[in-house]
Amino acid sequence: MKNQSWQMPAALGLFAAAMTSRLYTPYAGSHLAWLQNFSPLAAICLCGAAYLPRKMAVALPVAVLVISDLFLNAHYGQPLLSLGMLPNYIAFGLILGMGWMIRKHGRAWMVIPASLLGSALFYLITNTGSWISNPVYSRSFAGWLQALTTGAPPYPPTWAFYRSTLVSDLLFTTVFVLCMAATASRAPVAEGRPATSAS
């Protein structure tokens, strides 16, 4: 692929943006509360696996996730590692897997649909994890629906978090795809190489 000089600065920029978005969480009552769950991390998982060089494709999103989790847990006095982190890791792992499949088959047109699917998977997996682990929810279908919709008081409803997740996933994925389209080689994509928008 031509024009590879952008890859390391772009990767570092994505790392910084993702770390900032995860470490800075606006308070629910602030005028920036709509930014909760507004993060490029899912887009980095999906597009990183699809486009970035192999050494960064998995290492970059995993590093962001693990390092920011360690900082957040230390800040809030939580165990550095806990079972509560598992749903997030499962969801992001599935998104990484989708990106890797896109990379393997060289089908860049699948990135945006995969972003939509990834947002839905993250929403379902993480809120189901909350339903299982949070005693505020009853262990019933009604409790699961509560976890997927209104959530646990006094926090905002979980559908609002999903809205932010969906918008940010689509926004950052689209930006990533447009940047790649502007720099991609016109050469055919070989199996196992980063996906491109070239025909």
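Above this text you will find the structure in question.
Just so it is clear, the model here is predicted, and its values are computed rather than measured.

Student: Got a sec to walk through the packing of aromatic side chains? Specific residues and values, please.
Tutor: This structure, assessed with the given rule, holds four aromatic pairs. With 5.8 Å between their ring centres and 20 degrees between their planes, Tyr51 and Phe176 make a pair best called stacked. On the criterion of sequence distance, the pair formed by Tyr51 in helix H2 (residues 41-51) and Phe176 in helix H8 (residues 158-183) is long-range, its members being 125 residues apart. Both residues of the pair, Tyr51 and Phe176, count as buried.

Student: Report on the packing of H2 against helix H4 (residues 59-75), specifying residues and quantitative values.
Tutor: The interhelical angle for the contact between H2 and H4, taken along N-to-C directions, is 155 degrees, at an axis separation of 8 Å. With respect to H4, the element H2 is oriented roughly antiparallel. The two elements H2 and H4 cross, and the hand of that crossing is left-handed. Contact with H2, carried on its side by Leu41, Ile44 and Cys45, involves Leu60, Pro61, Val64 and Leu65 of H4 and no other residues of that element. Residue classes in the contact of H2 with H4 are distributed as seven nonpolar, no polar and no charged.

Cut-offs used in this document
- Residues numbered from 1 in each chain as written.
- Predicted model: local features only at pLDDT ≥ 70, side-chain atom pairs only at ≥ 80, totals over all residues.
- Heavy atoms only, no water.
- Phe/Tyr/Trp six-rings, centres within 6.5 Å; stacked < 30°, edge-to-face > 60°.
- Helix = DSSP H or I, 4+ residues; strand = E, 2+ residues; numbered from the N terminus.
- Buried < 20%, exposed > 50% of the residue type's maximum accessible area, 1.4 Å probe, protein only.
- Axes fitted to C-alpha atoms, helices over the stretch in contact; angles between N-to-C directions.
- Parallel < 35°, antiparallel > 145°, perpendicular 65-115°, else oblique.
- Left-handed = near helix turned anticlockwise from the far one by under 90°.
- Contact = heavy atoms within 4.5 Å.
- Nonpolar A, V, L, I, M, F, W, Y, C, P; charged D, E, K, R; others polar.

Geometry only, nothing functional implied.
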